[in-house]
Every structure is written in structure tokens, then in C-alpha cells.
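Letter by letter, the chains look like this.
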Amino acid sequence: MGSLNQRARTTSGRGILPFLLLMALLAGCEAKSEEAAAAPPPPPEVDVVNIVAQPVVLSESFTGRVEAAETVELRSRVSGYIEEVAFEEGELVEQGDLLFQIDPRPYQARVGAAQAELAQARSQLAQAGSEAERARVLLGRQAISQEVHDQRQSVLSNARAMVDAAEAALQTAELDLEYTRITAPVSGRAGRAMVTRGNLANADQSLLTTLVTIDPIHVYFEADEQAAFASYALLGGEEPNSLKIELGGDATRQFTGTLDFIDNRLNPNTGTLQFRALLANPDGRIRPGEFARVEMPVARLEQALLVDGKAVLTDQDRRYVYVVDENNLAQRRPVATGRQVDERTVISEGLAAGDRVIVNGVQKVFMPGMEVSPQTVSAAPAADAQPDIAARED
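Residues numbered from 1 in each chain as written. Predicted model: local features only at pLDDT ≥ 70, side-chain atom pairs only at ≥ 80, totals over all residues. Heavy atoms only, no water.

A few points about the overall build of the protein
Argument step 1. Regarding its fold elements, the protein presents 4 helices and 23 strands.
Argument step 2. Sorting the 394 residues of the protein into buried and exposed places 33% on the buried side.
Argument step 3. Partitioning the intrachain contacts of the protein with sequence separation of at least 6 by distance along the chain shows that 77% fall at a separation of at least 24.
Argument step 4. Surface summary for the protein: the accessible area is close to 24,000 Å², and the carbon and sulfur share equals 50%. (Helix = DSSP H or I, 4+ residues; strand = E, 2+ residues; numbered from the N terminus. Buried < 20%, exposed > 50% of the residue type's maximum accessible area, 1.4 Å probe, protein only. Contact = heavy atoms within 4.5 Å. Areas by Shrake-Rupley, 256 points an atom, 1.4 Å probe, with all protein chains shown as cover.)

Here's what the structure looks like:
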């Protein structure tokens, strides 16, 4: 019986020991959990940019139209029936290419008649010259009177005039014959053939087709008086001025043109000044008549403050950014915004050069005064970069 009690106590002691070890382990884990819960989380990392003042050229957007540099309404210079239409409608043609052929036979006959008249006039001139020379000799011998001599000299003068008239008539006939071949006066794109084969073309009246040059091409636009004079101060130099041009309202069709003309007076009816940009069009894809939107510089800021557009937040009608102070605390700063420069915004009030503005990770800031871990990122342009062009604020 005593042995049984001793074994029972031994078994009981063996069971208590693991239990005590488990309780100690659980207590240690609970203590560590309490310590972890008591430790504050690390401040969130955010990207900040040091605000730097830099020169910016402000621009405004103006609407315009694409027009051909040269537009020709092709008309016949002589009357006749169209014998051939030698081009495809809408195709590109080169200067001097044959476009229309008028029946040349009537004009060939006129050239022949003019040549015959010229030959006759030259024959009469030769005879009159011979008689005038004979009269001069006879007058020297006093074999004829002065009156007869003068008459023969007059006949010679008339014969010379007849030759001149016959030569002019031949030149006119040859020119009319040449005009039966209607060629392209400029290189460009041909339009629709308005008079087709077999139809009569009347001289200086019948419109045969139109030609428009394609490279380069012009973009005309008008600016209001205030913007026009502001831009004139920036664009009035001798250096070429580049303009951003968007065609057809399509953001994928953006080009760079060169300002090459400013009108010499304001339109009194609209109070606007006309400008013209020159746009390269080597492949001919830009067509006259297209709608265009032109960004033209109107002002220059020597010391502008720019921040990424994502950094500017909106609270109803108020705009603000988060600035990190010297204690790495995020502070809310109300700002006044200006125009856009690509993806950045011009800040006109509320910031100063050297401020650290949060540009990424703003969503991690739950309240002003919250501690953050700022990571400085670069946003300044290269030292040799040209001044940015800012668009009008929407």
C-alpha cells in the first residue's frame, strides 16, 4: 500500500512540472505582447521635394485653323474642249506636271497662220529695204526727187512695223498653244476635277481644280488684345519662337511649330490680333481646314515655385499641401495655385523656397502634426534646361 502511494506521488510530480513550464512560457509571451503593444509604430515614410524657385514661361491656349501656305484655283487661260484629265483626284503632284490637256488643233492652226503672216511681212520688209537703198543712191545722183526718196523710206518703216506686229502675233499664238497644256504651278495636293474630258472650258472663267501646298503648312490663330501685346514682348525678337500645337482636339497629335508672322494691326471688329505658325508636314497627313489649339507664351516668371500636382489637395474650395517641418512633423499649409506646367502646379501663395512638400505618401498622413520619415526626392530641372511653359489654369 505504501508503494502505491509513493508511485502516485511520483506520477503526480511528473505531471505538474510540464504544466508549470507551460505556464511560465505563456506568461513570457504575454509580457512580450504587452511590451510590443506598448511600443509606438515607426513614423511612415513619405517622399518630399525641396521647393526651388525657377524661371517659368506662362502660356495661354488659342484656337485656330490649318491653312495651306499656297492655294491655287486653277483656271484655263484659253477656251476649248478638255481632251485629257492627266491626274488622279486627291493625289500629290509636282510643279510642272500636266493636269489638263485642251484640244490644241485650233491653236496649232493659228500658229501656222501667224508664221505665214510673219514670212510675208519679212518678204515685204526685204523688198522695201532694197527700194529704200536704191532711192538713197539715186538721190545722191539727183536722179530722183526728195519726195520719192522719203516715200520709199516710209514704206521701209511700215514694213518693219509689220514684221514686229507679225512676230508679236506669232508669239501670242504660240503662247495660246502652250496654254492648252495646263500644268501644276506649284507642288501640292490636287483636288477634284471640276471639268472633265469632253466638256468646254471657258478662258479665265471655268474652275478646273484646286491645288494646295502641303509642306510646310500654316496654322492661323487670333489672340485677344491683352494676350497679344503680352506675348509680343516675348516673341518680338529675331530668334525663332517655338509653339506647341495640338490638332483636331487629339492629345496624340501634338506638334511643334514656329511663329513666322504677326499681323500689323488689330481686327477692329473682334479686338484680336492674328498670328501664324509654320508647321512641317513632310508626309502630308495634316490637311488644310483642321481645327488647331495653339499654346503661345504670354508672360515670364523669373522666380516661380512649382510642386507636383498630386501634392495639392482640396478641401471644398480650399487647396492645401503638407509641409514637413524641422521636427519631421507634417503640417497642413493652405496655398493659392496658378497655372499648370506639365504635371506640376505653380504656387502663387503659401510656400517659400526651401519648404519640404510631401509629394508621395500623403495618404499616410492622418492629421496635421503627425510625425513622418521624410525621404527627399529630386524634382528640379537640369541646370541647362529651358524655362518651362505653363498652360492656362482651368
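Focus: the packing of aromatic side chains
Argument step 1. Counted by the stated rule, this structure contains 4 aromatic pairs.
Argument step 2. Centroid distance Phe-62 to Phe-221: 6.2 Å. Interplanar angle 25°. Geometry classified as stacked. With a gap of 159 residues between them, Phe-62 in strand β2 (residues 53-68) and Phe-221 in strand β11 (residues 217-224) connect regions that are remote in the sequence.
Argument step 3. Their ring planes at 70° and their centres at 5.4 Å tell us that Phe-87 and Phe-100 sit as a pair that is edge-to-face. Here the residue Phe-87 occupies a position in the loop between β4 (80-85) and β5 (92-93), and Phe-100 occupies one in strand β6 (residues 98-102), the gap between them amounting to 13 residues.
Argument step 4. Here Phe-87 falls in the buried class, since its relative accessible area comes to 6%.
Argument step 5. Members of the aromatic cluster, connected to one another through ring pairs, are Phe-62, Phe-221 and Phe-275.
Argument step 6. Directly above the ring of Tyr-320 sits Arg-332, whose terminal nitrogen or CZ lies 3.8 Å from the centroid. (Phe/Tyr/Trp six-rings, centres within 6.5 Å; stacked < 30°, edge-to-face > 60°. Lys NZ or Arg CZ within 6 Å of the ring centre and 35° of its normal.)

Considering the side chain of Thr-272
Argument step 1. Among the structural elements, Thr-272 can be located in strand β14 (residues 272-279).
Argument step 2. Given the relative accessible area of 14%, Thr-272 is considered buried.
Argument step 3. Engagement of the side chain of Thr-272 in a polar contact is seen with the side chain of Thr-270, the distance being 2.6 Å.
Argument step 4. When sequence neighbours within four positions are dropped, the list of residues in contact with Thr-272 reads Glu-222, Ala-223, Asp-224, Leu-266 and Asn-267. (Polar contact = N/O pair within 3.5 Å; in protein donor to acceptor, adjacent residues only side chain to side chain.)

Some remarks on the sheet that holds strand β10 (residues 207-212)
Argument step 1. Taking strand neighbours across the sheet as the criterion, the 4 strands line up as β3-β10-β8-β5 in an open arrangement whose pairing is antiparallel. Of all the strands in the sheet, just β3 (71-75) and β5 have a single pairing partner and so form its edges.
Argument step 2. Examined bridge by bridge, β3 and β10 share 5 bridges and lie antiparallel to one another. Bridge pairing in β10 places Val-72 opposite Leu-211. (Pairing = 2+ DSSP bridges.)

So, helix α2 (residues 105-140)
Because each turn of an α-helix spans 3.6 residues, side chains separated by three or four positions in sequence point in the same direction.
Argument step 1. Under the 1.5 Å per step criterion, the end-to-end length of α2 is 53 Å for 36 residues, consistent within 8% with the ideal 52 Å.
Argument step 2. Residues of α2 that are buried: Tyr-107, Val-111, Ala-114, Leu-118, Ala-121, Ala-128, Ala-132 and Ala-135.
Argument step 3. In the core, the buried residues of α2 are packed alongside α3 (146-179). (Expected span 1.5 Å × (residues − 1).)

Re the confidence of the model for the protein
Argument step 1. Per-chain confidence: the protein averages 84 in pLDDT, with 84% of residues scoring 70 or above.
Argument step 2. Counting contacts from residues 1-8, a segment whose pLDDT is below 50, to residues more than four positions away or on other chains yields 0 contacts.
Argument step 3. Ignoring residues within four places in sequence, the model shows residues 381-390, a span with pLDDT below 50, making 23 contacts including any to other chains. (pLDDT = per-residue confidence, 0-100.)

Some words on the environment of Phe-221
Argument step 1. Residue classification places Phe-221 among the buried residues on the basis of a relative accessible area of 2%.
Argument step 2. Along the primary structure Phe-221 and Ala-277 are separated by 56 residues, whereas in three dimensions their C-alpha atoms are 8.3 Å apart.
Argument step 3. Ignoring sequence-local partners within four residues, the contact set of Phe-221 consists of Phe-62, Thr-63, Gly-64, Leu-243, Leu-273, Gln-274, Phe-275, Arg-276, Ala-277, Val-294 and Met-296.

Notes on α3
Argument step 1. In this model α3 runs 50 Å from its N-terminal to its C-terminal C-alpha over 34 residues, within 8% of the 50 Å that 1.5 Å per residue would give.
Argument step 2. Within α3 the residues assigned to the buried category are His-149, Leu-156, Ala-159, Val-163, Ala-166, Leu-170 and Ala-173.
Argument step 3. On its buried side, α3 packs onto α2.

Looking at the packing of α2 against α3
Two measures define how a pair of helices packs: the angle their axes make with one another and the distance between the axes.
Argument step 1. Running from amino to carboxyl end, α2 crosses α3 at an angle of 160°, the nearest separation of the two axes being 8 Å. Classed by the angle they form, the pair α2 and α3 counts as roughly antiparallel. For the element pair α2 and α3, the recorded crossing hand is left-handed.
Argument step 2. Residues that form the contact of α2 with α3 fall into these classes: 20 nonpolar, 7 polar and 10 charged. (Axes fitted to C-alpha atoms, helices over the stretch in contact; angles between N-to-C directions. Parallel < 35°, antiparallel > 145°, perpendicular 65-115°, else oblique. Left-handed = near helix turned anticlockwise from the far one by under 90°. Nonpolar A, V, L, I, M, F, W, Y, C, P; charged D, E, K, R; others polar.)

Observations regarding the pattern of salt bridges
Argument step 1. In the structure shown here, the tally under the stated rule is 11 salt bridges.
Argument step 2. Asp-103 is the partner of Arg-105 in a salt bridge, and the nearest nitrogen-oxygen pair spans 2.9 Å.
Argument step 3. Among the ionic pairs, Glu-133 bridges to Arg-136, the shortest N-O distance being 2.5 Å. Here Glu-133 and its partner Arg-136 are both found in helix α2, 3 residues apart, which amounts to about one turn of the helix.
Argument step 4. Note on Glu-133: relative accessible area 40%, which makes it partly exposed.
Argument step 5. Its relative accessible area of 46% is what places Arg-136 among the partly exposed residues.
Argument step 6. Several salt bridges share partner residues, and in doing so they unite Asp-315, Arg-318 and Arg-332 into one network. (Salt bridge = Lys/Arg side-chain N within 4 Å of Asp/Glu carboxyl O.)

Re the environment of Ala-227
Argument step 1. Structurally, the position occupied by Ala-227 is in helix α4 (residues 225-235).
Argument step 2. Distance in space between the C-alpha atoms of Ala-227 and Ser-59 is 9.3 Å, their sequence separation being 168 residues.
Argument step 3. Setting aside residues no more than four positions away along its own chain, Ala-227 makes contact with Glu-60, Phe-62 and Val-298.

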